[in-house]
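Working through the structure, step by step
Spelled out from the first residue to the last, the chains are:
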Amino acid sequence: MKPLWALLALTSLPATAKSQLNMTQGVTEVSNQVYDLHMTIFYICCVIGVIVFGLMFISIIRHRKSKNPTPSNFHENVKVEIAWTIVPLLILAGMAVPATTTLIAMEDTSDADVTVQVTGSQWKWHYKYFENEVEYFSRLATQQEQINNQFEKGENYLLEVDRPLVIPTNKKVRFLVTSDDVIHSWWVPDFSIKKDANPGFINETWTKVDEPGIYRGQCAELCGKDHGFMPIVVIAKEPAEYEKWITEKEEEQRKAREREQELLAMEMSEDELMDLGEKVYNSTCAACHQANGQGVNGVFPALAGSGVAVDPEAKSKHIDIVVNGVTGTAMQAFGSQLSMRELAAVITYERNAWGNDTGDLIQAADINEVMNQ
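Here's a quick rundown of the structure.

In this section: the environment of E238. Checked against the element boundaries, E238 lands in the loop between β10 (231-237) and α5 (239-263). Distance from E238 to Y43, taken between C-alpha atoms, is 37 Å for residues 195 residues apart in sequence. Once residues lying within four places of it in the same chain are set aside, the contact partners of E238 are T169 and P212.

Put into structure tokens, the structure is as follows:
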């Protein structure tokens, strides 16, 4: 067991030392203010603890029964009553000044250079840049084999994503945090940001990162069975490099939208639909409905041999459920998460896999028709 002095020494280690006994010092001005405030209050509490316990032990020793067999008989002391009322009041007032200054700085989202909407959903994050036509989902990238203990776990196990959030350095970035379903919490310790994502509400926070780098966080609100698989990765780039990235991403998404429109006049073959649909289903739908389409009894409905997946009259309803989701259930709306090509493929797969064999081939035009109703 480590001696007390060693533990106290560890509490003042900087974040770069990876201390597990103290809060992260952070990489922004506000995060450093939060850290300094934390350490100030910590040292004040240490002094109070030393004084209180010191007086207690002195009283125990000096007024023990063996030394004072006849106890003194006295009542309240007005001076002492005043002292232990005024002194704590002054201490609290002294603590409130730096705390208020820091809280005001944390909540000041005015004059932002970049605004990003952060939307949590089970179990991923959606980022939308207000100044540019760029938006995308960010999902866990850790291999399933690592989670299943089949592969050795990597350095950033459960803290890696397929598409990180990218922000510029030396620019004030405002985040508008909300949710599509349940309460999540967007937490990046290096920025001293932890903001709840509440469905139907928008909470604001901000950051300004001075140095380029990769910063990791995760959802900090218990939000369901895959809460632990909802990481956050933020990459801070130099302004010139960020502008190049955002321009490329904007052009990439513009071309993707154009290709979507071209698909409306094209038809994919059954083999193309089934091949792509199986991949989309296994990566997006199998976690709930299971790889064999049997679902989970009483929780997630089966798609194999039952429901809208086999009803010949329910093709449009099937598309509507996948595109728009089902309110009040765990069925999410995938219209904004998947392309029309992917939506057409996965619905075709669900209507023809596991012996369903409806023969229905869904095309991008069918998806577009439902989306525009």
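Following the structure, the description resumes.
Note that Q253 resides in helix α5. Among the residues examined, Q253 registers a relative accessible area of 14% and is labelled buried. Those residues in contact with Q253 that lie beyond four places of it in its chain are E133, V134, E135 and Y136.

With that settled, the discussion passes to the packing of aromatic side chains. Tallied over the full model, the rule gives 12 aromatic pairs. Taking 6.4 Å as the distance between ring centres and 80 degrees as the angle between the ring planes, the aromatic pair formed by Y136 and W245 counts as edge-to-face. Of the two residues, Y136 is situated in strand β3 (residues 134-138) and W245 in helix α5; the sequence distance between them amounts to 109 residues. We classify W245 as buried; its relative accessible area is 16%. Sitting over the ring of Y157, K153 keeps its end group 5.0 Å from the ring centre. Above the ring of Y136, the side-chain terminus of K249 is found at 6.0 Å from the ring centroid.

A word on the pairing of strand β4 (residues 165-168). The alternating pattern of β4 places L165 and I167 on one face and V166 and P168 on the opposite face, and all of these are buried. Two elements, β4 and β10, share four bridges in a ladder whose sense is parallel. Bridge assignment links P168 to a residue of β10, and that residue is K237.

Our focus in this paragraph is the environment of Q363. Along the polypeptide, Q363 turns up in the loop between α8 (340-352) and α9 (364-371). Taking C-alpha positions, Q363 is 60 Å from M39, a pair spaced 324 residues apart along the chain. Apart from the residues within four sequence positions on either side, Q363 is in contact with M266, E267, M268, L273 and A344. Among the polar contacts made by the side chain of Q363, one reaches the main-chain amide nitrogen of M268 at a distance of 2.8 Å.

This part covers the pattern of salt bridges. Scanning the entire structure with this criterion turns up 11 salt bridges. Across the salt bridge formed by E258 and R254, the nearest N and O atoms sit 2.4 Å from each other. Residue E258 and its partner R254 are located together in helix α5, separated by four residues, close to a single helical turn. A relative accessible area of 33% places R254 in the partly exposed class. In this structure, the salt-bridge partner of K279 is D275, at a minimum N-O distance of 3.7 Å. Placement of the pair is K279 and D275 together in helix α6 (residues 270-289), with a separation of four residues, close to one helical turn. Residue K279 is classed as exposed on the basis of its relative accessible area of 54%. On the accessibility criterion, D275 (42% relative accessible area) is partly exposed.

The next thing to look at is the packing of helix α2 (residues 29-62) against helix α3 (residues 78-107). At a closest axis distance of 10 Å, the pairing of α2 and α3 adopts a crossing angle of 165 degrees. The pairing of α2 with α3 is recorded here as roughly antiparallel in orientation. The two elements α2 and α3 cross, and the hand of that crossing is left-handed. Of α3, the residues touching α2 (which contributes V30, Q33, V34, L37, I41, I44 and I48) are I91, M95, P98, A99, T102, A105 and M106.

With respect to topology, five strands assemble into an open sheet ordered β4-β10-β9-β6-β7, the strand pairing being mixed. Strand pairing shows two members of the sheet lacking a second neighbour, β4 and β7 (193-197), which therefore form its edges. Put simply, the sheet's adjacent strands are angled 25 degrees from each other on average, direction ignored. With six bridges connecting them, strand β9 (residues 213-219) and β10 associate as antiparallel partners.

Procedures and definitions
Residues numbered from 1 in each chain as written. Predicted model: local features only at pLDDT ≥ 70, side-chain atom pairs only at ≥ 80, totals over all residues. Heavy atoms only, no water. Helix = DSSP H or I, 4+ residues; strand = E, 2+ residues; numbered from the N terminus. Contact = heavy atoms within 4.5 Å. Buried < 20%, exposed > 50% of the residue type's maximum accessible area, 1.4 Å probe, protein only. Phe/Tyr/Trp six-rings, centres within 6.5 Å; stacked < 30°, edge-to-face > 60°. Lys NZ or Arg CZ within 6 Å of the ring centre and 35° of its normal. Pairing = 2+ DSSP bridges. Polar contact = N/O pair within 3.5 Å; in protein donor to acceptor, adjacent residues only side chain to side chain. Salt bridge = Lys/Arg side-chain N within 4 Å of Asp/Glu carboxyl O. Axes fitted to C-alpha atoms, helices over the stretch in contact; angles between N-to-C directions. Parallel < 35°, antiparallel > 145°, perpendicular 65-115°, else oblique. Left-handed = near helix turned anticlockwise from the far one by under 90°.

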